[in-house]
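# Structural overview for review
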Amino acid sequence: DVVFTAKDLTKTYVSGETQVHALRGVNLEISAGEVVVLLGPSGSGKSTLLNIMGGLDHATSGELSFKDLRLTDLDDRGLTSYRRRHVGFVFQFYNLIPSLTAYENVALVTEIADDPMRPEEALALVGLEPRMHHFPAQLSGGEQQRVAIARAIAKRPEVLLCDEPTGALDSRTGVRVIDALMKVNAELGTTTVIITHNAIIQEVAHRVLFFSDGQISKAVTNEARRAVA
Ligand code: ADP
Ligand code: ADP
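About the cut-offs
- Residues numbered from 1 in each chain as written.
- Chains lettered and ligands numbered in written order.
- Predicted model: local features only at pLDDT ≥ 70, side-chain atom pairs only at ≥ 80, totals over all residues.
- Heavy atoms only, no water.
- Salt bridge = Lys/Arg side-chain N within 4 Å of Asp/Glu carboxyl O.
- Helix = DSSP H or I, 4+ residues; strand = E, 2+ residues; numbered from the N terminus.
- Buried < 20%, exposed > 50% of the residue type's maximum accessible area, 1.4 Å probe, protein only.
- Axes fitted to C-alpha atoms, helices over the stretch in contact; angles between N-to-C directions.
- Parallel < 35°, antiparallel > 145°, perpendicular 65-115°, else oblique.
- Left-handed = near helix turned anticlockwise from the far one by under 90°.
- Contact = heavy atoms within 4.5 Å.
- Nonpolar A, V, L, I, M, F, W, Y, C, P; charged D, E, K, R; others polar.
- Near = heavy atom within 4 Å.
- Polar contact = N/O pair within 3.5 Å; in protein donor to acceptor, adjacent residues only side chain to side chain.
- Areas by Shrake-Rupley, 256 points an atom, 1.4 Å probe, with all protein chains shown as cover.
- Core = buried A, V, L, I, M, F, W, Y, C linked by side-chain atoms within 4.5 Å.

### Considerations on the pattern of salt bridges
Counting across every chain of the model gives 10 salt bridges. A salt bridge links Arg70 to Asp73; the shortest N-O distance between them is 3.3 Å. Of the charged contacts, one joins Arg131 and Glu143 as a salt bridge, the two residues approaching to 2.9 Å between their closest N and O atoms. Of the two residues, Arg131 sits in the loop between α4 (119–125) and α5 (141–153) while Glu143 sits in helix α5, which places them 12 residues apart along the sequence. A relative accessible area of 34% places Arg131 in the partly exposed class. In this structure, a network of salt bridges that share partners links the residues Glu63, Arg70 and Asp73.

### Overview of the packing of α5 against helix α6 (residues 171–188)
It is the contact of α5 with α6, at a shortest axis distance of 9 Å, that shows an interaxial angle of 20°. The orientation of α5 relative to α6 falls into the category roughly parallel. As α5 packs across α6, the resulting crossing turns out to be right-handed. Together, Gly142, Gln145, Arg146, Ile149 and Ile153 of α5 and Thr173, Arg176, Val177, Ala180, Leu181, Val184 and Leu188 of α6 make up the contact between the two elements. Each residue belonging to the contact of α5 with α6 can be placed in one class, and the counts come to seven nonpolar, three polar and two charged.

### Considering the site of ligand 2
The local shell around ligand 2 consists of Arg131, Ala137, Gln138, Ser140, Glu143, Arg172, Thr173 and Arg176. A distance of 3.3 Å separates an oxygen atom of ligand 2 from a polar atom in the backbone of Gln138. Computed on the free molecule, ligand 2 has an accessible area of 540 Å², of which 54% lies beneath the protein chains in the complex. Per-element accounting of the shell around ligand 2 gives the leading share, three residues, to α6. Of the residues that constitute the shell around ligand 2, the class distribution is one nonpolar, three polar and four charged.

### Quick look at the site of ligand 1
Around ligand 1 sit Tyr13, Val20, Ala22, Pro41, Ser42, Gly43, Ser44, Gly45, Lys46, Ser47 and Thr48, and that is every residue in its neighbourhood. Here a nitrogen atom of ligand 1 sits 3.5 Å away from a polar atom, N or O, in the side chain of Tyr13. Here an oxygen atom of ligand 1 sits 2.7 Å away from a polar atom, N or O, in the main chain of Gly43. Within the complex, the protein chains bury 59% of what would otherwise be the 560 Å² of accessible surface of ligand 1. When contributions to the shell around ligand 1 are tallied by element, the ones reaching two or more residues are β2 (18–31) and α1 (46–53). In terms of residues, the shell around ligand 1 owes the most to one element, α1, which gives three residues. Its residues placed into classes, the shell around ligand 1 shows four nonpolar, six polar and one charged.

### Structural notes on the nonpolar core
Ranked by size, the top nonpolar core spans 37 residues in total, and within it Leu123, Val147 and Ile149 carry the most contacts. Of all elements in the fold, only β3 (35–39), α3 (102–110), α4, α5, β7 (159–163), α6 and α7 (199–204) reach the threshold of two or more residues within this core. When residues no more than four places from it in sequence are discounted, the contact partners of Leu123 are Ala102, Tyr103, Val106, Leu128, Glu129, Met132, Val147 and Ala150.

### Here we look at the environment of Lys218
One can find Lys218 in strand β10 (residues 215–221). Residue classification places Lys218 among the partly exposed positions, given a relative accessible area of 47%. For the pair Lys218 and Ala107, spaced 111 residues apart in sequence, the C-alpha separation works out to 40 Å. In contact with Lys218, other than residues within four places in its own chain, are Val208, Leu209 and Phe210.

Structure below.
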């Protein structure tokens, strides 16, 4: 099953006299349950694509669909509804609410979802059930990021979009965050798109897309991993 289809997708930022062509005709398909890494130099368009896939921004031209839903036909309201229903986000910084425990940070999201996981279930998936009553300040950076992952998946989104999820972590801690993302993918089948420079994620991902100047210049499929998935 194809989850995302992009056809000649472009994004041009205009400010005053200057135009920045952030995406110059991106074509791609992402299948259900895939873990795809977006790789490439700073400014090559990775975040722009992730933001459009997440319904945070509009494309300039071309098509992007989530299953049968043409995201590029939706207005802000339509994108908000798509995002709430189907997309979880993980960013470099965790943005947990400091006055709430890990459990409460996750519960805040599950209160408004249709068919949420129990907070303890989501926290167990990322290996944090024993610490669910800790406050963010009592958790290491890697643990806080795993709470953020639990929060992102607790509404059972079909898609998880991650922008440098290990960017603020050392490599040892980063590995545990990666393990958590792969476990979520294996157990829930969540389609996962990750912008990262982390070499380990590139090894465990099903596919790596290389960006260059607003286009996908190369795609490498990890057939062995994909067979397992
Ligand atoms: P990457 O994620 O690969 O670093 P981005 O998608 O963030 O690349 O950026 C692609 C290009 O678009 C860059 O030249 C960047 O400066 C530009 N850009 C990104 N966001 C904006 C914005 N909101 N306004 C103007 N230009 C932007
Ligand atoms: P990790 O590898 O998950 O980052 P660390 O080895 O850094 O874990 O930390 C071990 C334990 O110490 C963590 O489980 C956490 O409970 C505690 N800890 C780490 N950093 C802090 C901190 N800044 N404040 C309070 N407790 C912390």
